[in-house]
Amino acid sequence: MATTLKEADYVIVGAAAGMSAAAGPDWYNRGDLWGFKLSLIHFVLHEPVYQPYQDLKAILKDKDYDLITTNQDVQFSKAFPDKDVATIQGDWSYFQCADKCHDQVYPNQTVVDQLFPQIENGHLPENLIPRCPKCGAEMLEWVRGYEFLEGQHYNKQYAKYRQFIQKAEGKKTVYLELGVGMMTPMFIKEPFMNLTYQNPQATYITVNPKDAIVPRELMDRGIAVKYDLVKVLANLKECGISRISAED
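A brief report on the enclosed structure follows. Predicted, not measured: the structure shown is a model, and the values here were computed from it.

### Digging into the overall build of the protein chain
Step number 1: Secondary structure summary: the protein chain contains nine helices and nine strands in total.
Step number 2: Against the 2.2 N^0.38 benchmark of 18 Å for 248 residues, the protein chain shows a C-alpha radius of gyration of 19 Å, consistent with a compact globule.
Step number 3: For the protein chain, the spread of C-alpha atoms along the three principal axes comes to 65 × 30 × 30 Å.
Step number 4: For the protein chain, with 248 residues in total, the buried portion stands at 51%.

### What about the packing of helix 4 (residues 51–60) against helix 9 (residues 229–239)?
Step number 1: Where helix 4 contacts helix 9, the two axes come as close as 9 Å, and the packing angle between them is 35 degrees. Seen from above, helix 4 lies across helix 9 with left-handed handedness. Contact with helix 4, carried on its side by Gln51, Pro52, Asp55, Leu56, Ala58 and Ile59, involves Val230, Leu233, Ala234, Leu236 and Lys237 of helix 9 and no other residues of that element.
Step number 2: Across the contact of helix 4 with helix 9, the residue classes tally to eight nonpolar, one polar and two charged.

### Here we look at the nonpolar core
Step number 1: Within the largest apolar cluster, 28 residues are counted, with the highest numbers of intra-cluster contacts made by Val11, Met19, Leu56, Phe76, Leu176 and Leu178.
Step number 2: Listing elements by their share of this core, those giving two or more residues are helix 1 (2–7), strand 1 (10–15), helix 4, strand 2 (65–69), helix 5 (75–79), strand 7 (173–178), strand 8 (203–207) and helix 9.
Step number 3: Those residues in contact with Phe76 that sit more than four places away from it in its chain are Ala15, Met19, Tyr53, Leu56, Leu67, Thr69, Asn71 and Val85.
Step number 4: Grouped together as the second largest cluster of nonpolar side chains are 27 residues, Ile12, Trp142, Phe148 and Phe192 included.

### A closer look at unusual backbone geometry
Step number 1: A positive phi angle, close to 60 degrees, is found at Val74, a residue other than glycine.
Step number 2: In this structure Val74 comes out as buried when scored by relative accessible area, which is 9%.
Step number 3: The backbone of Lys100 sits at a positive phi, close to 50 degrees, despite the residue not being glycine.
Step number 4: For Lys100, the position within the fold is in the loop between strand 4 (90–97) and strand 5 (106–107).

### A closer look at the sheet that holds strand 4
By definition, the strands of a sheet pair up through backbone hydrogen bonds, in either a parallel or an antiparallel sense.
Step number 1: Read from one edge to the other, the open sheet built from three strands follows the order 5-4-6, with strand pairing classed as antiparallel. On the outer flanks of this sheet lie strand 5 and strand 6 (139–143), each paired with one strand and no other.
Step number 2: Sheet analysis places strand 4 next to strand 5, joined by two bridges and oriented antiparallel. Counterpart to Phe95 in the pairing with strand 5 is Tyr106.
Step number 3: Along the sheet, helix 3 (residues 34–46) makes contact with strand 4 and strand 6, crossing strand 4 at roughly 135 degrees.

### Focus on the sheet that holds strand 3 (residues 85–87)
Step number 1: In space, the six strands of this open sheet follow the order 3-2-1-7-8-9, with parallel pairing throughout. Whereas interior strands pair on both sides, the edge strands pair on one side only; in this sheet they are strand 3 and strand 9 (222–225). Put simply, the sheet's adjacent strands are angled 15 degrees from each other on average, direction ignored.
Step number 2: Taken together, the three bridges between strand 2 and strand 3 define a ladder with parallel strand orientation. Counterpart to Ile68 in the pairing with strand 3 is Ala86.
Step number 3: Packed on one face of the sheet, helix 4 meets strand 1, strand 2 and strand 7 and runs near 165 degrees to strand 1.
Step number 4: Sheet strands in contact with helix 7 (residues 152–168) are strand 1, strand 2, strand 3 and strand 7, and its direction is about 135 degrees off that of strand 3.

### Considerations on the packing of aromatic side chains
Step number 1: For the structure on display, the rule yields 10 aromatic pairs.
Step number 2: Look at Tyr53 and Phe76: their rings are 4.8 Å apart centre to centre, the planes differ by 80 degrees, and that puts the pair in the edge-to-face class. Separated by 23 residues along the polypeptide, Tyr53 in helix 4 and Phe76 in helix 5 bring together distant segments of the chain.
Step number 3: Take Tyr53: its relative accessible area is 0%, and that puts it in the buried class.
Step number 4: Residues Tyr154 and Tyr158 carry aromatic rings whose centres are separated by 5.2 Å and whose planes lie at 50 degrees to one another, so their mutual orientation is tilted. Taken together, the residues Tyr154 and Tyr158, both in helix 7 and four residues apart, mark about one turn of the helix.
Step number 5: A network of ring pairs unites the aromatic residues Tyr94, Trp142, Phe148, Tyr154, Tyr158 and Tyr161 as a single cluster.
Step number 6: A cation over an aromatic ring shows up here: Lys37 above the ring of Trp34, its NZ or CZ 4.3 Å from the ring centre.
Step number 7: The ring of Tyr10 has Lys171 sitting right over it, with the charged end atom 5.5 Å from the ring centre.

What counts, and where the lines are drawn
- Residues numbered from 1 in each chain as written.
- Predicted model: local features only at pLDDT ≥ 70, side-chain atom pairs only at ≥ 80, totals over all residues.
- Heavy atoms only, no water.
- Helix = DSSP H or I, 4+ residues; strand = E, 2+ residues; numbered from the N terminus.
- Rg over C-alpha atoms; globule rule 2.2 N^0.38 Å.
- Buried < 20%, exposed > 50% of the residue type's maximum accessible area, 1.4 Å probe, protein only.
- Axes fitted to C-alpha atoms, helices over the stretch in contact; angles between N-to-C directions.
- Left-handed = near helix turned anticlockwise from the far one by under 90°.
- Contact = heavy atoms within 4.5 Å.
- Nonpolar A, V, L, I, M, F, W, Y, C, P; charged D, E, K, R; others polar.
- Core = buried A, V, L, I, M, F, W, Y, C linked by side-chain atoms within 4.5 Å.
- Pairing = 2+ DSSP bridges.
- Phe/Tyr/Trp six-rings, centres within 6.5 Å; stacked < 30°, edge-to-face > 60°.
- Lys NZ or Arg CZ within 6 Å of the ring centre and 35° of its normal.

Purely spatial values, then, with no claim about function.
Here's what the structure looks like:
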């Protein structure tokens, strides 16, 4: 795996819930109360960048790379430049109108920081609930759900995804899949497999303690690492792919 990454012209990383789950905290069980949501968002926005993300950044520092993620926990947005990250399932740092009365998402850290101290016994007073500036409906976190706004900002993220894919065409590309499970394979897993199949110079690497699977068609250009993601990234950082010789 280390040698393959070293020899790649370009690396596209696709990461999902397993990346953050590997880091430790579990913030994927959402509730409906504003007190809970604000506490969760405040926690997410103020958490430091976790070690797996720091290790990945060190691993990629001398490579040409881009990242696609279904994660909504803003860890990638904190660790990497915005231009290099496509967040295709929303993220907790934005609000939208729950009624989708208009096509706009709003950065929410200032509002969250103001409201968080107002939470009492797990509840936010009703008069403080964030409201849409256009129609007065409740605001909603901009993450995948029934009311998820697939508007201008969403399309911008998918435009980046398409640019990354076009950039990878015909190159010695590594499609590096980190912590992507089988719940929604259509966003990262299946596209990465198909794009590797279409490019004879590409390699597909999947790291997941449960769902590291290489299809039969990619056996000669696929690497399945069924192991702890934290340890894999730490080991890659320690061995230093920028220092690995072509013979290793």
